[in-house]
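Listed below are the residues making up each chain.
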Amino acid sequence: MFVNSVKSLKLCDSRFMVTRFFHVTQDGYLQSRKRIKEQFSHLTDNFKTKMKDFVNESKNMIFTEDLKNMVHLAECTDLHLVLNMITKFNDQNTKLRFDSFVFGPVVMRMFYFLDTPNEALQCFEDPANNGFFDQLISYQILLNLLYNNKMYEEMYRVFETIQQKRLNMSKYPKYSVNLILAACYKQNTPESMEYASKVWSDMIKVGVVPVRRASALFAALALNQGAPHLALESISMQKPHYVTIRNIKAIALAEVGRVEDALSVLRGVLEIDSPEQNNKHTFFEETISKVHCAVEKADSKDIQKEFQNLERALRDRELIDNKTLDQLVTSEIKNSSNSPVKPRGMPQLPYGLRQRKKVSLERAA
């Protein structure tokens, strides 16, 4: 049974996104939302009342424009109505639909905008809505919304659905893989390590080459779970000049006892980096610290001296910074394409944070 309106309102008022993994492009949804709100103006309440009547009367149909408008007008208190409209719309005879509008991504953007992961998941998993969200972008938005709200176990269920559906003939779409590995990394448990390892090995068996972020996430999880050998294997297909890969490699080599190889990674940066470069090839403080620990364990004066010289040179060239591996592997991934101009007058913050900001401004006034 769908959650009642009181619970929905409580969720929207109290919850806001703490972190994001992917940047979900909302510009198109926000532009449409602004336009439709202006179009309906003071008629919004009347329209919502009419839609409630249509949902409750079997003889009435929910047309494409009805659902499209409602999805863009919806606030948290309207979600029960929206869910009922989606179910009725999806149940209607497909022969009576002449519009090819794909609702899945738009509905998921609505849930993302309102920051309502429980309702989004329930709508997604409702058998009555089978096929409604069969688009990779819908899965990605849902996974990202669940990730924002630390609902990692629920992400596994969604990922299993993705693998079963195999949309676009792909069992391992790269953005979904990135998100599920991010969930495994965040949980950082033996169980999440086992799950990530299975996903990883299955991908390799079928010839899927993981992208760099996926490699970094799996490797970072492996390091946290005391498996540096797996970290080394997972980054072996990635170019070494990327900052995450370079730091992971140095840490993993140090932790498997190959101290001289770890020092070679540090030395390699000094050989290619120049002081006037804007994009410096840096190492994290934590990387230097872990290599240092391995050097001490090696109990070799020659190795200790070489490390001291390398560390001094790196610091002199300002090639050591305070960023952490965790910050980089979980940093937001933004769309590389140029995003459209943000619509004026539309809030860019998730619902809960908008409410908090509104209260703060009222108090200040």
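The model shown is predicted, which means the values in this text are computed figures rather than measured ones.

Draft legend 1. Geometry of the overall build of the protein chain. Helices and strands together make up the secondary structure of the protein chain, namely 19 helices and two strands. Looking at the protein chain as a whole, 48% of its 365 residues qualify as buried. With an accessible surface of roughly 19,000 Å², the protein chain has 50% of that area assigned to carbon and sulfur atoms.

Draft legend 2. Expanded view of the nonpolar core. Counting residues in each nonpolar core, the largest one holds 108 residues, and the members touching the most others are M110 and F111. Here this core takes nine residues from helix α12 (residues 212–224), the largest share from any one element. Not counting residues within four places of it along the chain, the set of residues in contact with M110 comprises Y29, V71, A74, L79 and V82.

Draft legend 3. Here's a closer look at the packing of helix α10 (residues 174–187) against α12. Orientation of α10 relative to α12, taken along the N-to-C sense of each, is 15 degrees, at an axis distance of 9 Å. Relative to α12, the element α10 lies roughly parallel. With respect to the hand of their crossing, α10 and α12 are arranged in left-handed fashion. Seen from α10, the contacting residues are V177, N178, L181, A182, C184 and Y185; seen from α12, they are R213, A214, L217, A220, L221 and N224. Of the residues contributing to the contact of α10 with α12, the split by class is nine nonpolar, two polar and one charged.

Draft legend 4. Seen up close, the environment of V24. As for its placement among the helices and strands, V24 is situated in the loop between α1 (5–14) and α2 (27–40). A sequence separation of 121 residues divides V24 from L145, and the C-alpha atoms of the two residues are 9.2 Å apart. The contact partners of V24, leaving out residues within four places of it in the chain, are Y112, I141 and N144.

Draft legend 5. Spatial organisation of the packing of aromatic side chains. Counted under the stated rule, the structure contains eleven aromatic pairs. Relative to F133, the ring of F124 has its centre 6.1 Å away and its plane inclined at 45 degrees; by these criteria the two rings are tilted. Like F133, F124 is buried. Put simply, the rings of F89, F101, F103, F124, F132, F133 and Y139 touch in pairs and so form one group of aromatic residues. In this arrangement the basic side chain of K68 is found over the ring face of F101, its NZ or CZ atom lying 4.3 Å from the centre. When the ring centre of Y242 is taken as origin, the NZ or CZ atom of R212, which lies over that ring, is 3.5 Å away.

Draft legend 6. Quick peek at the environment of N144. The topology assignment puts N144 in helix α8 (residues 136–148). C-alpha separation for the pair N144 and M155, spaced eleven residues apart in sequence, amounts to 8.9 Å.

Draft legend 7. Representation of the packing of helix α3 (residues 44–56) against helix α4 (residues 64–73). Running from amino to carboxyl end, α3 crosses α4 at an angle of 125 degrees, the nearest separation of the two axes being 11 Å. As far as their axial angle goes, α4 and α3 are oblique. Between α3 and α4 lies a crossing of left-handed hand. Between α3 and α4, the contacting residues are T44, F47, K48 and M51 on the first element and D66, N69, M70 and L73 on the second. Class assignment for the residues of the contact of α3 with α4 results in four nonpolar, two polar and two charged.

Draft legend 8. Structural view of a nonpolar patch on the surface. A contiguous nonpolar patch, built from I204, V209 and M237 and spanning about 280 Å² of accessible area, is present on the exposed surface. Along the polypeptide, I204 turns up in helix α11 (residues 190–205).

Draft legend 9. Examining the pattern of salt bridges more closely. A complete count under the given rule lists 13 salt bridges for this structure. For K68, the salt bridge is made with E65, and the minimal N-O distance between the two is 3.2 Å. Of this pair, K68 and E65 are both found in helix α4, three residues apart, which corresponds to roughly one turn of the helix. For K68, a relative accessible area of 17% translates into the label buried. Residue classification places E65 among the partly exposed positions, given a relative accessible area of 42%.

Draft legend 10. Here's a closer look at the confidence of the model for the protein chain. When pLDDT is averaged across the protein chain, the result is 84; 81% of the residues are at 70 or more. Note that residues 1–11 has pLDDT below 50 and, in this model, 18 contacts with residues that lie over four places away or in other chains. A low-confidence stretch, residues 13–18 (pLDDT under 50), is modelled with 18 contacts involving residues beyond four sequence positions or located in other chains.

Draft legend 11. Up close: unusual backbone geometry. Look at D115: it is not a glycine, yet its phi comes out positive at around 55 degrees. Structurally, D115 can be placed in the loop between α6 (104–114) and α7 (117–125). Of note, the phi angle at D299 is positive, near 55 degrees, even though the residue is not glycine. With respect to the helices and strands, D299 occurs in the loop between α16 (285–298) and α17 (301–316).

Draft legend 12. Region of the structure containing the environment of V209. For V209, the position within the fold is in the loop between α11 and α12. Overall, V209 belongs to the exposed group, its relative accessible area being 56%. Between the alpha carbons of V209 and Q238 there is a distance of 9.8 Å; along the sequence they are 29 residues apart.

Cut-offs and rules
Residues numbered from 1 in each chain as written. Predicted model: local features only at pLDDT ≥ 70, side-chain atom pairs only at ≥ 80, totals over all residues. Heavy atoms only, no water. Helix = DSSP H or I, 4+ residues; strand = E, 2+ residues; numbered from the N terminus. Buried < 20%, exposed > 50% of the residue type's maximum accessible area, 1.4 Å probe, protein only. Areas by Shrake-Rupley, 256 points an atom, 1.4 Å probe, with all protein chains shown as cover. Core = buried A, V, L, I, M, F, W, Y, C linked by side-chain atoms within 4.5 Å. Contact = heavy atoms within 4.5 Å. Axes fitted to C-alpha atoms, helices over the stretch in contact; angles between N-to-C directions. Parallel < 35°, antiparallel > 145°, perpendicular 65-115°, else oblique. Left-handed = near helix turned anticlockwise from the far one by under 90°. Nonpolar A, V, L, I, M, F, W, Y, C, P; charged D, E, K, R; others polar. Phe/Tyr/Trp six-rings, centres within 6.5 Å; stacked < 30°, edge-to-face > 60°. Lys NZ or Arg CZ within 6 Å of the ring centre and 35° of its normal. Patch = residues over 30% accessible without salt bridge, like charges linked within 9 Å, V, L, I, M, F, W, Y side chains within 5 Å. Salt bridge = Lys/Arg side-chain N within 4 Å of Asp/Glu carboxyl O. pLDDT = per-residue confidence, 0-100.

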